[in-house]
Amino acid sequence: MSFSLKDKLKYRFERYLNRGGSSIFMSLFVVFMVLFVIIISIRYLILYFYPDLGHPDHHGFMDDIWATWLQLTDPGNMNQDNKAPSWLKVTTILSGVAGVIILSMLIAFITTTLENVFYNFRKGRGKVIEEEHTLILGWNERVVDIIRELIIANESEKSASIVILSGEDKEEMDDLIAKRLPDTKTSRIITTTGDYANINELKRVNIQAAKSVIILANCSESAALDTKVNSDVQSVKSIMGIISIQNGKNELPIITEIFTEEKRQLLSFFNDENIIALDSWDIMGKLLVQTSLTSGLEMVYNEMLSFDGCEVYFYAAEWNQVTFGDLPFHFHDGIPLGVYNEEDSITLRPGNDYKLKDKDQIIILAEDDSTINFESAAFTSPNEIELSTKKLVQKQKKVLILGWHSVAEIFIRESADYLSKGTSFDILFNEPDEILVAKVEDMKSLYPDFSIEFKNADPLKFDVLQKVNPFDYDNVIILSQEMNEQRPDKIDSDTLIILLWLRKIKEDVVNANTKIITQVLNSENQEIITQTDVDDFIISNKLITMILAQLSEEPLIKLLYDDLFSEDGSEIYVKPANLYFNTFPQKVSFADLIGIAGKRDEICLGIRKGDLRKDAGSNFGVKLNLKKTQKIEIYENDFLVVLSEDEL
């Protein structure tokens, strides 16, 4: 098929204009100059053949050129030819008309271009030139808490930056951050809008110079499966884009939320220790089980996982074959939790007789990395105290689950490793669908040693709660009251109503020992929840954001979390003081507590004062990493926070 010259020229002209603003501007400028030359030529020809028609005030043709230029650039200058002969005014009219058309087009083009420039500024479409910045890709309800943690982590730096690239509107992101985080201390927060799975967008935020990357899910756990799969695909594409930009070899710590096991396995094929895929709700389910076994654990994790308090560090020194049992007394600040080396990976509680090797790093809980200093000689030692012979006995438990969430499946699954046979789970949910009913039936067959019963009832109604006698149970777990509810504040509001009903019911109960545990999705609701006598609350978003933030600073901590949140490894427990002492009160030093816990092959991290367990201002009685020489009065209702193999 042949094309005419006209079609070919039109096609090429369109291709040229499609190159962008510069080609349009150049086209208009060329047209302007061509018209200028044509009009000047016409004027010259008129004057050449009819010299008597010249302008009486012009002295040479250069004056005519200048007059034509002025008329083209500003039609108001046409009055300069008022005295010119009529034929010469033809060029004046042509200059005025051409000037109006071309200049109008140029002004419109420049105006539109400037509007686009300012629009891109407002929408965050400019190039980011930060270096050593933490890059957050995506946006969800956790982002503010993550930024808050990173701000605290960056306080020791003179100037730090956090860059956020997401599909959200820049102005909305900036407004929310300014409202929730008015003081960013030494950190700059830069937001920009774009597709974070697009390589060009990743280059625009200077990902090559970033310190670490956090990729957030773009939906909640309550979203439909298809939506969660799409979120996972977006995260995987982003990771592949990041690796591609680095020429196939990733050097960046990349922390991402992944919902589906299939996509987590896909990322494992990269065989890259810097890429960490978290199943947030799997962690929450395990925390829920551990919290149900030991009261106060949420506050312990809140202290350990936050940058605003004690933190976990990796530390190396010349150990001189010091034993792990003596190691704590060589640090004025810090409690060693285990050892790490590339050959054996991580070992928590390696044993009191373990001699540290030069290649070992220790995992240590300390106030700050700047305060960790290994002393060659021990500066203190524990007193010899007789250890109590008392042991806890694992027993059957009755658990009431009010509402439902996928975290409940994980909770029941993990309970199989912690709770004894005959433990019962009663689930109350209002008008369940067939999917939920089938899911519960499946769990009955998967866990035959447990009694799992499902009741169609509305926990938000006082008479329903009263009828089931909630304080006959060992644990009450409060979850979401709607399967598809995604708004954290709505879920927290329902939780608050149930807690108030439980508080009312408790007034008529004598010796109620039921432990009430709930999720708080919005961390800003924590203070309200603490007014309802809840024993423990898991601030889901806050704890997960702490983990995401810490991993972005130190990816090796993932090894610690894998051990802590596994039934087979070491875990943190809050154990009653009568497991350690025979008589009360005991006036001891923190070094003494470390020593007596060591007799049970445990590591003492701190204490929980029983009389302060409802005091939010005192962190609900939890104190970690005390000074080794500090004297403490221990009563029978107090607890020791320990790293141990089990809860017994």
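All of these numbers come straight from a predicted model, not from anything done at the bench. (Residues numbered from 1 in each chain as written. Predicted model: local features only at pLDDT ≥ 70, side-chain atom pairs only at ≥ 80, totals over all residues. Heavy atoms only, no water.)

Visitor: What exactly am I supposed to notice about the sheet that holds strand β19 (residues 603-608) here?
Guide: Paired through their backbone hydrogen bonds, the strands of a sheet run either parallel or antiparallel. What the four strands build is an open sheet, ordered β17-β22-β19-β20; its pairing is antiparallel. The sheet is open, and its two borders are formed by β17 (571-576) and β20 (622-624), each paired with just one other strand. On average, each strand axis in the sheet is tilted by 30 degrees relative to the strand beside it, whichever way the strands run. With three bridges connecting them, β19 and β20 associate as antiparallel partners. Paired with I607 across the strands is K623, a residue of β20. (Pairing = 2+ DSSP bridges. Helix = DSSP H or I, 4+ residues; strand = E, 2+ residues; numbered from the N terminus. Axes fitted to C-alpha atoms, helices over the stretch in contact; angles between N-to-C directions.)

Visitor: So what exactly am I meant to see when it comes to the packing of aromatic side chains here?
Guide: The description of two aromatic rings rests on the distance between their centres and on the angle between their planes. Tallying each qualifying case throughout the model produces nine aromatic pairs. Geometrically, the ring pair formed by Y315 and W319 is edge-to-face, given 6.1 Å between the ring centres and 65 degrees between the ring planes. One exposure class covers both Y315 and W319, and it is buried. Taking 5.1 Å as the distance between ring centres and 75 degrees as the angle between the ring planes, the aromatic pair formed by W319 and F374 counts as edge-to-face. Taken together, the residues W319 in the loop between β7 (311-316) and β8 (335-341) and F374 in the loop between β10 (361-366) and β11 (398-402) connect sequence positions 55 residues apart. Residue classification places F374 among the buried positions, given a relative accessible area of 12%. For K228, the ring lying beneath its charged end belongs to F259, and the centroid distance is 5.8 Å. Sitting over the face of the ring of Y473, K398 holds its NZ or CZ atom 4.7 Å from the ring centroid. (Phe/Tyr/Trp six-rings, centres within 6.5 Å; stacked < 30°, edge-to-face > 60°. Buried < 20%, exposed > 50% of the residue type's maximum accessible area, 1.4 Å probe, protein only. Lys NZ or Arg CZ within 6 Å of the ring centre and 35° of its normal.)

Visitor: Whenever I open this one, the sheet that holds β7 confuses me. Can you help?
Guide: Read across the sheet, four strands follow the order β7-β10-β8-β9 without closing on themselves; strand pairing throughout is antiparallel. Lying at the two open borders of the sheet, with one neighbouring strand each, are β7 and β9 (345-348). The sheet shows a mean angle of 30 degrees between the axes of neighbouring strands, direction not considered. Relative to β9, β8 runs antiparallel, the two being bridged by four bridges. Paired with G338 across the two strands is L348, which belongs to β9.

Visitor: What am I meant to see in helix α8 (residues 225-245) here?
Guide: Within an α-helix, residues lying three or four positions from one another point in the same direction, as the helix has 3.6 residues per turn. Between its first and last C-alpha atoms α8 spans 30 Å; for 21 residues at 1.5 Å apiece the expected length is 30 Å, and the two agree. The complete set of buried residues in α8 reads K228, S231, D232, Q234, S235, V236, S238, I239, G241, I242, I243 and I245. Elements that come into contact with the buried residues of α8 comprise β1 (134-137), α7 (199-204), β4 (212-215), β5 (254-257), α9 (261-268) and β6 (275-278). One or two steps after α8, the chain reaches N247, where phi turns positive at roughly 60 degrees. (Expected span 1.5 Å × (residues − 1). Contact = heavy atoms within 4.5 Å.)

Visitor: Whenever I open this one, the packing of α8 against α9 confuses me. Can you help?
Guide: Working note: a packed helix pair is described by the angle between its axes plus the distance between those axes. Close contact between α8 and α9 brings their axes to 10 Å; oriented N to C, the two are set at 10 degrees. As the angle between them shows, α8 and α9 are arranged roughly parallel. Contact with α8, carried on its side by V229, D232, V233, V236 and I239, involves K263, L266 and L267 of α9 and no other residues of that element. In terms of residue class, the contact of α8 with α9 is made up of six nonpolar, no polar and two charged. (Parallel < 35°, antiparallel > 145°, perpendicular 65-115°, else oblique. Nonpolar A, V, L, I, M, F, W, Y, C, P; charged D, E, K, R; others polar.)

Visitor: I would appreciate a short explanation of the nonpolar core in the present structure.
Guide: When a protein is soluble and globular, its nonpolar side chains tend to lie buried together. In terms of nonpolar packing, the biggest core is built from 125 residues, with I136, I572, L593 and L605 touching the most fellow members. A per-element tally of this core places helix α5 (residues 143-153) first, with eight residues. Excluding residues that lie within four positions of it along the chain, I572 makes contacts with Q290, T294, L297, V300, Y301, M304, L564, L605, V641, V642 and L643. Judged by nonpolar contacts, the second largest core, of 22 residues, contains I207, A210, I215 and I239. (Core = buried A, V, L, I, M, F, W, Y, C linked by side-chain atoms within 4.5 Å.)

Visitor: Quick question: what am I supposed to make of the pairing of strand β14 (residues 475-478) here?
Guide: On a regular strand, each side chain points to the face opposite its neighbour's, so the side chains alternate between the two faces of the sheet. Along β14, one buried face is formed by N475 and I477 and the opposite face, lined by V476 and I478, is buried too. In the sheet, β11 pairs with β14 via four bridges, with the strands oriented parallel. Across the sheet, the residue bridging to V399 is N475, located in β14. Both β14 and strand β15 (residues 515-519) contribute to a ladder of four bridges, which runs parallel. Looking at the pairing, N475 lines up with K515 of β15.

Visitor: Honestly, the pattern of salt bridges in this entry has me stumped. Any pointers?
Guide: Where charged atoms of side chains with opposite charge meet at close range, the side chains can pair. Scanning the model with the defined rule gives 25 salt bridges in all. A salt bridge links E553 to K211; its shortest N-O distance comes to 3.5 Å. Placement of E553 in helix α17 (residues 540-553) and of K211 in the loop between α7 and β4 is noted, with a sequence separation of 342 residues between them. Overall, E553 belongs to the partly exposed group, its relative accessible area being 30%. (Salt bridge = Lys/Arg side-chain N within 4 Å of Asp/Glu carboxyl O.)

Visitor: Whenever I open this one, unusual backbone geometry confuses me. Can you help?
Guide: Peptide bonds are trans in most cases, and residues, glycine excluded, mostly fall at negative phi. Cis rather than trans, the peptide bond between F584 and P585 has omega equal to -5 degrees. One non-glycine residue, N469, lies in the positive phi region at around 50 degrees. Here N469 shows up in the loop between α14 (462-467) and β14.

Visitor: Explain the environment of V205 to me, please; I cannot follow it from the model alone.
Guide: Mapped onto the fold, V205 is located in the loop between α7 and β4. Residue V205 is classed as buried on the basis of its relative accessible area, which comes to 0%. C-alpha separation for the pair V205 and H133, spaced 72 residues apart in sequence, amounts to 9.8 Å. In this structure, V205 is in contact with V128, H133, L135, V163, L165 and T192, ignoring residues within four places of it in sequence.

Visitor: Explain the packing of helix α10 (residues 280-293) against helix α12 (residues 406-418) to me, please; I cannot follow it from the model alone.
Guide: Relative orientation of the contacting elements α10 and α12 amounts to 50 degrees, with a least axis distance of 8 Å. Between α10 and α12, the crossing angle belongs to the class labelled oblique. Both α10 and α12 take part in a crossing whose hand is right-handed. For the pair α10 and α12, the contacting residues are W281, D282, M284, G285, K286, L288, V289, Q290, S292 and L293 in the first and V407, I410, F411, R413, E414, S415 and Y418 in the second. Looking at the contact of α10 with α12, its residues break down into nine nonpolar, four polar and four charged. (Left-handed = near helix turned anticlockwise from the far one by under 90°.)

Visitor: Please explain the side chain of K263 as it appears in this structure.
Guide: Tracing the backbone shows K263 in helix α9. Given the relative accessible area of 12%, K263 is considered buried. Those residues in contact with K263, other than ones at most four positions away along the chain, are V229, D232, V233, V236 and I258.

Visitor: Please clarify how a nonpolar patch on the surface should be interpreted in this entry.
Guide: A cluster of nonpolar side chains, namely F25, M26, F29, V30, V34, I38 and I110, defines an oily patch on the protein surface of about 570 Å² accessible area. Per-element tally for the nonpolar patch: the top contributor is helix α2 (residues 21-49), with six residues. Secondary-structure assignment places I38 in helix α2. (Patch = residues over 30% accessible without salt bridge, like charges linked within 9 Å, V, L, I, M, F, W, Y side chains within 5 Å. Areas by Shrake-Rupley, 256 points an atom, 1.4 Å probe, with all protein chains shown as cover.)

Visitor: Any chance you could explain the environment of L402 here in plain terms?
Guide: The residue L402 is located in strand β11 in this model. Assessed through its relative accessible area of 0%, L402 is described here as buried. Sequence-wise, L402 and I498 are 96 residues apart; in three dimensions their C-alpha atoms are separated by 8.8 Å. Those residues within four positions of L402 in sequence are excluded, and the remaining contacts are L428, P459, L465, V476, I477, I478, L479, Q481 and I498.

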